[in-house]
Amino acid sequence: MGIRFYDTLTKQKTEFVPLAEGKVGIYVCGVTAYDVCHVGHARSAVVFDVITRYFKYRGYQVTYVKNFTDVDDKIIAKANREGTDIREVSERYIREHNDDMDRLGVSRPSVTPRATENIQGMIRLIGTLLEKGLAYREEGDVYFAVDRFPGYGKLSGRNIDEMMAGARVDVDEKKHNPMDFVLWKGSKPGEPWWDSPWGRGRPGWHIECSVMSQRYLGDTFDIHGGGEDLIFPHHENEIAQSEGASGKPFARYWIHNGFIRVNKEKMSKSLGNFFNLRDALTQYHPEVLRFFILQSHYRSPIDFSEDSLREARAGMERFYETLRKIRDLAGEGEAKAVDPESLSGADREVLEKVNDLPGRFVEAMDDDFNTARAMGYLFELVRLLNGTMADKDFRLTGASRFVLSEARKKIRELGKILGLFLEDPDEYFASDRSRESEKRGLSAAEIEALIEERRRAREEKNWKRADEIRDALAAKNIVLKDGPSGTTWKMG
RNA sequence: GGCGGCAUAGCCAAGUGGCUAAGGCAGCGGUCUGCAAAACCGUUAUUCACCGGUUCGAGUCCGGUUGCCGCCUCCA
């Protein structure tokens, strides 16, 4: 069995069979560069980041194309407001997008083309659509005639007549059919323009993705992805343009991620209920955000709230506590290999679980990229490891050292697919402490001074003073933890 | 109005018709600890919104009801 996932086009889980063996071409619609990214953009980026990483893990050679829309009404409006041009605006937000995504640990796609780099390709494609009678000119504009393309509506499961009945179709005198969409817009004064056979103008939104996917992946390619709000009209229109022009199938599989919600409502710019990704990254460790996203299936809606992020943080701590304990016992790096046959008892049990883990992880991920289930399996190993290390009979031997380091290696190897558990545990906790104390306006130095005072009190067995200090810190939500090598602390 | 999705413990959440319904968070009892915290062990859904149906057998399939959400307009 190979990878199976839900295909929006057929509305069922299907086995993935690539166009060319061992290779996968994937196109994902990126952002329109007119503002900073919010947490919803992060979800889409993380989901497709993990999907492409997983394909690589399974041995595929992946070509991942994600575009930037750098010409659009909102960008033009912003540029006009600022007295600059669209290039400056889009450059700025593309840069910010890249910074944010880098911090989130999102790998850069193979290619990140921009709409304005592909205007000639769009003009050619529109020309083909006109020649084939699928598009028509009206004054300086060019429109796609949806009723000339028989498959229109197949992705979103609607037909033209039903949509006509819908109340909210935009009324545009120039359109022959209200559902027709613009391929090329004649430029108005103050708008950027390019020369075309139909006069000066700029492209419509949908055409760029048809051109860029074709350019980098071909007329027919494996997977097209994006947020579920793009199914209609954007992806529907892409199909109409691409298949209409080439006469060949467009994307063979479609993957759409669900939304992030706030109080059960979609997080969106228009509702104004969005959280900037940048702000979220100052409040939470990037891996906590990824953990939060990957704990649910990619198609389910997830609610962004302080509570759910706090839970994600607690879950991450569980992993890093375990990694820290392993480090304390087994040291850094890989331990000297031991013959598995010579192992017994707990060592053997752990190694068996460790060796089973990749298979179980793959089984979960092969099934529609079920990251939630995959993470459940990782937690099971963590519990077993903690139990083993906490056991009274645990002895650090060559065998246990080897087994622990194997476990860590496997957690890191699989974590890499998810973009989790990649930090040094001490660094993770240090950055968590500084982030959390900053959030609450507390100084790490002050806290550490009090801990030092408490250490001296404990040395003198002055439990009263020691507890006073701990209680005072606890009142500020600071939790102390006395261990063999001293006291550590964290924000609760 | 049209189309689509979701409904699993206090909360989040997985669940591909068939042994005891993953996992996480929170809670409770215990072990550990000077006392704690963390960790571990035990415990927390005779039941999967509700009503019918198919089946030897359904959380899982079908029909209906209720509730929530999304798309139909720019949107990850």
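Being a predicted model, the structure only gives us computed values, none of them experimental.

Draft legend 1. Quick peek at the pattern of salt bridges. Counted according to the given criterion, the structure contains 52 salt bridges. Between Arg87 and Glu91 there is a salt bridge, and its shortest N-O distance comes to 3.8 Å. Taken as a pair, Arg87 and Glu91 lie in helix 3 (residues 86-103) at a separation of 4 residues, close to a single helical turn. On the basis of relative accessibility, which here comes to 25%, the residue Glu91 falls in the partly exposed class. Across the salt bridge formed by Glu91 and Arg114, the nearest N and O atoms sit 2.8 Å from each other. Of this pair, Glu91 sits in helix 3 while Arg114 sits in the loop between helix 3 and helix 4 (119-131), and the two are 23 residues apart along the sequence. Ionic contacts of the salt-bridge type, sharing partners, join the residues Arg313, Glu317, Asp432, Glu436, Lys439, Arg440 and Lys490 into one network.

Draft legend 2. Layout of helix 7 (residues 231-246). Compared with the 22 Å implied by 1.5 Å per residue over 16 residues, the 21 Å span of helix 7 between its first and last C-alpha is a close match. For helix 7, the tally of buried residues reaches 14 of 16 residues, placing the bulk of the element in the interior. Trailing helix 7 by a residue or two, Gly247 shows a phi angle of about 75°, which is positive.

Draft legend 3. Main features of the packing of aromatic side chains. Using the criterion set out here, one finds 24 aromatic pairs in the structure. Ring centres 5.2 Å apart and planes at 85° place the aromatic pair Phe221 and Phe250 in the edge-to-face group. In this pair, Phe221 sits in strand 9 (residues 221-227) while Phe250 sits in the loop between helix 7 and strand 10 (251-257), placing the two residues 29 residues apart along the sequence. Like Phe221, the residue Phe250 is buried in the burial classification. The rings of Phe5, Phe16, Tyr54, Phe55, Tyr57, Tyr60, Tyr253, Tyr298 and Phe369 are connected pair by pair, giving a single aromatic cluster. One residue, Arg158, lies across the ring of Phe232, its end atom 4.4 Å from the ring centre. Its guanidinium or amino end placed over the ring of Trp489, Arg433 lies 5.3 Å from that ring's centre, counting from NZ or CZ.

Analysis parameters
Residues numbered from 1 in each chain as written. Chains lettered and ligands numbered in written order. Predicted model: local features only at pLDDT ≥ 70, side-chain atom pairs only at ≥ 80, totals over all residues. Heavy atoms only, no water. Salt bridge = Lys/Arg side-chain N within 4 Å of Asp/Glu carboxyl O. Helix = DSSP H or I, 4+ residues; strand = E, 2+ residues; numbered from the N terminus. Buried < 20%, exposed > 50% of the residue type's maximum accessible area, 1.4 Å probe, protein only. Expected span 1.5 Å × (residues − 1). Phe/Tyr/Trp six-rings, centres within 6.5 Å; stacked < 30°, edge-to-face > 60°. Lys NZ or Arg CZ within 6 Å of the ring centre and 35° of its normal.

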